[in-house]
Amino acid sequence: MSTETYPASPARPTIIKAVDLTRRFGPFTAVDHINLDIEEGDIFGFLGPNGSGKTTVIRMLCGLLRPTEGAAKVLGNDVTRDSEAVKRSIGYMSQQFSLYGDLSVMENLKFYAGIYGIPRRERAARIEEVINIVGIGDYRKQLALRLSGGWKQRLALACALVHRPKLMFLDEPTAGIDPVARRDLWNLLFDLAGQGVTFFVSTHYMDEAERCSHIGYIYYSKLIVYGTPSELKRMPEVTPDGAIRLELRAGQIAAAMRCLNTFPYVLDATIFADVVHVLTEEHTEQRIVDDLGRHGFPNASVQPIPATLEDVFVTLSREKERQRNA
Amino acid sequence: MLRGLYAIIYKESRHILRDPKTLFLMLVIPSLELTIFGYAVNLDVKNIPTVVYNLDGREASRKLIDTFVNTGYFQIRGEVGSDAELKRAIVAGKAKVGIKIPPDYTDTLLSGRKTQVQMLIDGSDSTSALQALNTGNAIAMLASLDILAETLGAAALPVEMRPRVLFNPDMKTANFMVPGLVGVIMQVVIMLLTAFAIVREKEQGTLEQLMVTPVSRLGLILGKLVPYGLVGIGETISVLLLMRFLFEVPIEGSLLYLAGFTLVFLFTTLSLGLLISTLTDNQIQALQFSFLILLPSFLLSGFMFPQETMPKVIYVIGQCVPATYFIHILRGIILRDAPIEALLPSGIVLACMGIAVITVATLRFHKTLA
Ligand SMILES: Nc1ncnc2c1ncn2[C@@H]1O[C@H](COP(=O)(O)OP(=O)(O)O)[C@@H](O)[C@H]1O
Ligand SMILES: [Mg+2]
């Protein structure tokens, strides 16, 4: 799905517009002609495996890296020519923790409030405001390096929020933090999005993708899908005409999957925990159960399911892989 | 242009104060270095251990020994009774000088003939050897002149050379060496204060976050310079106090000039450290880069070897390090109470160097990643 099919509503202004954004490191192309169109209030989830180019895209959009080719506008400013204007107006949380460990929570916040030029009179109030937003009030005097992973991320978020940016870039904010802290952080993002902050969040957790209003999937430097989660799940490439998705339960699913792959009418099979998602030709539900029964899986059962985002990414990655190898 | 300056100063000061152990070390190490190296470079050789083999033993020979002792350069560690013993004392390192007075010393002198006093010198310590040799010659010369004057009946010798050393009348090497040492030590410790200031943030990844803020380049650079400048002032004061009161080097010139020129030197040297920090990717590189400047500061700044005798190329390299100018200024103020006209040229070069270096550092520092 490309940007043209994504319906642009005139009511919401475009916050990020990237056209053929490309970055090479020597002969290696880390980001290859990426187009983005992100509107105010979106929570854009930027997915992709490690090394696919997510951080490089974010750095270009923040004015940290010069694009080799193409251009991008962030909040109306060109990221190459007006990178300083971009920096003033956005919040950024880099992939690794990058606050000062030997400074306390309060000192880090004061520092960023100063750097962003918050007028002295408003500074204290503004800092209290972000402390309340992320709920880090109990740790004011704590050295940043003594915080747990989740609290570190909240502090980083607070520092990035201190100048009330309308757009936040978060590069894998949930990497390496525990599931509870992850959920809390996402709830925080929803709260802020409700107040009109636009988010650009990279992650490689599939479950986080489901929570985003829009998703882009980058694979080997190329943006291969872009749209809302429901749009992605309805993509014809994911579930082609004349095909259906089934969830299959069987005794030994690994063996069952190997067996499934030998059936000519089965298009794709992927294990998800204790079930197999099968992409198969229409009206083959009974045939699968019968055929598996003949191959020694007597109590296999199937039931139709809609595509999940993971199905989408797996299917499209496989497709790309086939194209690359061809 | 200075956007973010105060915030950076605030943050850097917090870093410094958060770690009092490091701050203490920063303030104490220069003094420690000055104490150790100050004694090491003190080239005045006093009390050279000496043994005497006196085969004569009469009044005239004892007078000669007294002359040696009275110069202050020799300390008699004992008398020996044979040539072999004399030699052994030197080989064993018990003495560096052995004096052998022949049995007929007094007789020969009285009869107006020439006598020989033997002086064995341990040449493995060239400084004391040279000192002993020169002093020994001078003593022999003086003794001969005395006898000559007596026999000739002249009240005084016709020509007397009276050299007078200006500015450092006692020829104390400490007076000459210690101000130079102060210059060199300051060069090292001050430059290393800032050489890591930015590169450390590169390594920790905090610089990337800073680059996405509206902080200005000059604000960042000066914000790092100012707090370390204060540390540098503390270091300078402690080192100068030590020079004045431990090594008893008097400051002849104006303290105001000293303070003023020292500030210029601090600015230049801190800027140089920052330049190194912007040019390098990690702390190891920064350290290696620093050595590129520190070595000439030691060897070519005129601290150890006179610059006048250096080959042209080497001399020019020496003129590129701030320590050269600072040492010139320090010696001028401390030893000679030099007039401002004599100090200004070095001061101006230092200031221009500082401005050039901080400009390059600021321009070299980009708020984008490579
Ligand atoms: N400064 C750089 N120089 C050379 N290669 C780089 C540089 N930065 C990133 N890359 C390469 O670009 C690719 C994409 O990296 P990155 O954007 O960090 O991926 P992701 O964030 O999706 O894990 C990787 O293969 C990485 O090695
Ligand atoms: Mg990354």
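Up top is the structure.
The residue numbers shown here count from 1 along each chain, following its written sequence. Think of it this way: whatever chain is written first is A, whatever ligand is written first is 1, and the rest follow in order. Only residues with pLDDT of at least 70 are given local features in this predicted model, and only at 80 or more are side-chain atom pairs given and counted; all residues enter the totals for whole chains, interfaces and linings. In computing side-chain values, all of the structure's heavy atoms are included and hydrogens and water are not.

Caption draft 1: Structural view of the sheet that holds strand β2 (residues 28-39) of chain A. Residues and elements named next belong to chain A. Strands qualify as paired when DSSP identifies two bridges or more between them. Note on conventions: DSSP H or I runs of at least 4 residues are helices, E runs of at least 2 residues are strands, and numbering of each starts at the N terminus. If you trace the four strands from one edge of the open sheet to the other, you get β2-β1-β4-β5, paired in antiparallel fashion. Looking at which strands have only one partner, the edges of the open sheet turn out to be β2 and β5 (77-78). Pairing geometry for strand β1 (residues 14-25) and β2, over eight bridges, is antiparallel. Considered in β2, the bridge of L21 is made with I34.

Caption draft 2: The arrangement of the environment of D337 of chain B in detail. Residue and element names in this part refer to chain B. You can see D337 is positioned in the loop between α14 (322-336) and α15 (340-364). Burial classification: accessible surface area is computed with a 1.4 Å probe over protein chains only, and a residue below 20% of its type maximum counts as buried, one above 50% as exposed, and the rest as partly exposed. Among the residues examined, D337 registers a relative accessible area of 45% and is labelled partly exposed. Taking the C-alpha atoms as reference points, D337 and S254, separated by 83 residues in sequence, lie 7.1 Å from one another. The residues touching D337, leaving out its near neighbours within four places in the chain, are E252, G253, S254 and G332. Should any heavy atoms of two residues lie within 4.5 Å, those residues are considered in contact.

Caption draft 3: Representation of the interface of chain A and chain B. Between chain A and chain B, the contact holds 32 residues from the first and 26 residues from the second. Roughly 2,600 Å² is buried in total at the junction of chain A and chain B, and carbon and sulfur atoms are behind 59% of that figure. The working definition used for a salt bridge is a side-chain nitrogen of Lys or Arg within 4 Å of a carboxyl oxygen of Asp or Glu. The interface formed by chain A and chain B holds four salt bridges in total. Linking R59 of chain A and E208 of chain B is a salt bridge whose minimum nitrogen-to-oxygen distance equals 2.7 Å. Two N or O atoms count as a polar contact when they lie within 3.5 Å, although within protein this holds only if one can serve as hydrogen donor and the other as acceptor, and sequence-adjacent residues are included solely when both atoms are side-chain atoms. Joining chain A to chain B, the criterion identifies 14 residue pairs in polar contact (both at pLDDT 80 or more). Buried area counts how much accessible surface, traced with a 1.4 Å probe, disappears from two parts once they are put together, with both parts' losses summed.

Caption draft 4: Main features of empty space enclosed by the protein. Residue and element names in this part refer to chain A. A 1.4 Å probe that fits but cannot get out identifies a cavity on a 1 Å grid over protein atoms alone, an open set with protein on both sides within 12 Å along at least five of seven lines counts as a pocket, and a residue lines either if it has an atom within 4 Å of a point. Grid points are joined across faces, edges and corners, and a volume is the space filled by probe spheres set on the points. Applying the stated criterion to the full structure yields two cavities of 30 Å³ or more. Reported here for the largest cavity is a volume of approximately 40 Å³. What lines the largest cavity is simply R245, D268, A269, T270, H277, V278, L279, D311, V314 and T315. Contributing elements (two or more residues each) for the lining of the largest cavity: β12 (266-272), β13 (275-281) and α11 (309-325).

Caption draft 5: Broad picture of the coordination of the magnesium ion (ligand 2). All names here are of chain A. Summarising the metal site, the magnesium ion (ligand 2) is bound by the protein donors T55 (OG1) and Q95 (OE1), whose distances to it range over 1.9 to 2.3 Å. Taken together, the residues span a long stretch of sequence, with T55 in helix α1 (residues 54-61) and Q95 in the loop between β6 (90-93) and α3 (105-115) at a distance of 40 residues. Judged by its relative accessible area of 37%, Q95 falls in the partly exposed class. With water omitted from the atoms examined, metal sites may look incomplete; donors here are N, O and S atoms no farther than 2.8 Å from the metal, or 3.2 Å in the case of Na, K and Ca.

Caption draft 6: Main features of the pattern of salt bridges. Residues and elements named next belong to chain A. Summed over all chains, the structure comprises 32 salt bridges over all chains. With a closest N to O distance of 3.0 Å, R12 and E39 form a salt bridge. Placement of R12 in the segment before β1 and of E39 in strand β2 is noted, with a sequence separation of 27 residues between them. Given the relative accessible area of 2%, E39 is considered buried.

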